[in-house]
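# Coordinate analysis (summary)
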Amino acid sequence: MTIRVWDYLPEYHDEREEVLAAVAKVFESGQLILGPSVAGFEAEFAAYHGITHCAGVDNGTNAIKLALQALGIGHGDEVITVANTAAPTVVAIDGAGATPVFVDVREDDFLIDTDLVEAAIGPRTRALVPVHLYGQCVDMAPLSRLAARHGLAVLEDCAQSHGARHHGRQAGAMGDAAAFSFYPTKVLGAYGDGGAVLTGDEFIDQNVRRLRYYGMEDRYYVERTPGHNSRLDELQAEILRGKLRRLDAYIAARRSVARRYTEALADLAEPGGLVLPTVSPGNEHVYYLYVVRHPRRDDIIERLRAYDIALNISYPWPVHTMTGFAHLGYAKGALPVTEKLAGEVFSLPMYPSLPLERQQAVIRALREVLAGL
Ligand SMILES: *Cc1c(COP(=O)(O)O)cnc(C)c1O
């Protein structure tokens, strides 16, 4: 059997009764859209973060897009983020009508290089979108200072960092608003698509609620455009309520998997060779992904196929080099660290229910492959 980088089936088999009970509860509730399950999940997800407002939406991409629009950002505005991210971060900024502006990342933790942000701020800059990539947080203090000085909004992209902390503060509670995805692979994942916008600001929350509901406040009356139909589904919300109660246990399990990799591979790590993930100061990593680097990444992945191990690359193409974003005008070489990482990173299997014997098989295979390079 192929060992995959992610698999929800062992977890489903453990939690089947609970998941199916949630499905039955919604089907029997008599209310299938924006009912008690979405409201319940929103209240519980907000409370988990100690934040006043949460609006459930249909996915993480639209969480970013609606949050930007709720902040009043759109055509003619620039939004600073990274090209070393899942493309949806940038798709959402573009979808809100704004222009993405990229800054490079740091080589140690792959996160936005906060020293480069100020030079990217111009007269049209309206927001910063830090991405808490792979499960650990961006260094927020310098970004908050810049945002205050230049009057910019801060929208955290928390799609990979549910439950992560930074100097004791939770991912999603450090900006003006935060966007979450509940895509199945994420640290808090649904059995389908889902997303949410967290904010401490009632005005932003109200705007997101209108935008997700055709731009309506009351039924059949449009208050503002562009409206969307971007609601979180009752079914996914009820399943997510059960999974939210287990979130801390999932994170603990992810950390155990990460610790085993780090202990088993530490002796092979060397500068210019295999590089294991690091945790930056003040961070409590939740290991959405366990990402390692090696200059001969492609050879390693190819050879691991013989062991029936299928690894992922997150992400093989920096966003600024994609054809779809050619109009932004970034030349190859514009973001040297981002481009270097794209050629070297790969992810080892990581999910809370990863069976120990599968993880050990991956470690053994990787050790053999590295020894034979
Ligand atoms: C997954 C992801 C998104 C998009 O979320 P979807 O629910 O798939 O739309 C956005 N940003 C980052 C960093 C992601 O990992």
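Calculation criteria
- Residues numbered from 1 in each chain as written.
- Predicted model: local features only at pLDDT ≥ 70, side-chain atom pairs only at ≥ 80, totals over all residues.
- Heavy atoms only, no water.
- Near = heavy atom within 4 Å.
- Polar contact = N/O pair within 3.5 Å; in protein donor to acceptor, adjacent residues only side chain to side chain.
- Helix = DSSP H or I, 4+ residues; strand = E, 2+ residues; numbered from the N terminus.
- Nonpolar A, V, L, I, M, F, W, Y, C, P; charged D, E, K, R; others polar.
- Expected span 1.5 Å × (residues − 1).
- Buried < 20%, exposed > 50% of the residue type's maximum accessible area, 1.4 Å probe, protein only.
- Contact = heavy atoms within 4.5 Å.
- Domains from an automatic or database assignment.
- Buried area = accessible area lost by both parts, 1.4 Å probe.
- Salt bridge = Lys/Arg side-chain N within 4 Å of Asp/Glu carboxyl O.
- Core = buried A, V, L, I, M, F, W, Y, C linked by side-chain atoms within 4.5 Å.

### Some remarks on the site of the ligand
The ligand sits among 14 residues. The nearest are Gly-60, Thr-61, Gln-160, Ser-181 and Lys-186. Between Lys-186 and the ligand, the recorded distance is 2.6 Å, taken from a side-chain N or O atom to an oxygen atom. Among the elements of the structure, α3 (60-70) and α4 (87-95) are those that each provide at least two residues to the shell around the ligand. At 3 residues, α3 tops the list of elements feeding residues into the shell around the ligand. Classifying every residue of the shell around the ligand by side-chain character gives 5 nonpolar, 7 polar and 2 charged.

### As for helix α8 (residues 234-245)
The terminal C-alpha atoms of α8, which comprises 12 residues, lie 17 Å apart, in line with the 16 Å expected from a rise of 1.5 Å per residue. For α8, the full list of buried residues reads Glu-234, Gln-236, Ala-237, Glu-238, Ile-239, Leu-240, Arg-241, Gly-242, Lys-243 and Leu-244. Close packing links the buried residues of α8 with α1 (9-27), α2 (36-49) and α9 (247-265). The opening residue of α8 is Asp-233, an N-cap whose side-chain oxygen sits 2.9 Å from the backbone nitrogen of Leu-235.

### Things to note about the domain arrangement of the chain
Taken as a whole, the chain is organised into domain 1 (8-103 + 113-244) and domain 2 (247-371). A C-alpha centroid distance of 25 Å is found between domain 1 and domain 2. The interface is formed by 36 residues belonging to domain 1 together with 35 residues belonging to domain 2. Carbon and sulfur atoms supply 58% of the area that domain 1 and domain 2 bury against each other, a total of about 3,000 Å² over both sides. If you sort the residues of domain 1 by the area they bury against domain 2, Tyr-134, Gln-136 and Val-187 come out on top, with a joint share of 24%. Linking domain 1 with domain 2 are 0 salt bridges, by the criterion used here.

### Quick notes on the nonpolar core
For soluble globular proteins, nonpolar side chains are generally found buried alongside one another. Grouped together as the largest cluster of nonpolar side chains are 54 residues, with contacts concentrated most on Phe-41, Phe-45, Val-117 and Phe-182. A domain-level breakdown of this core finds at least three residues from each of domain 1 (8-103 + 113-244) and domain 2 (247-371). Once residues lying within four places of it in the same chain are set aside, the contact partners of Val-117 are Ile-80, Val-103, Ile-112, Leu-128, Leu-143 and Leu-146. Core analysis: the second largest hydrophobic core is formed by 26 residues, Leu-265, Tyr-287, Ile-300 and Ile-301 among them.

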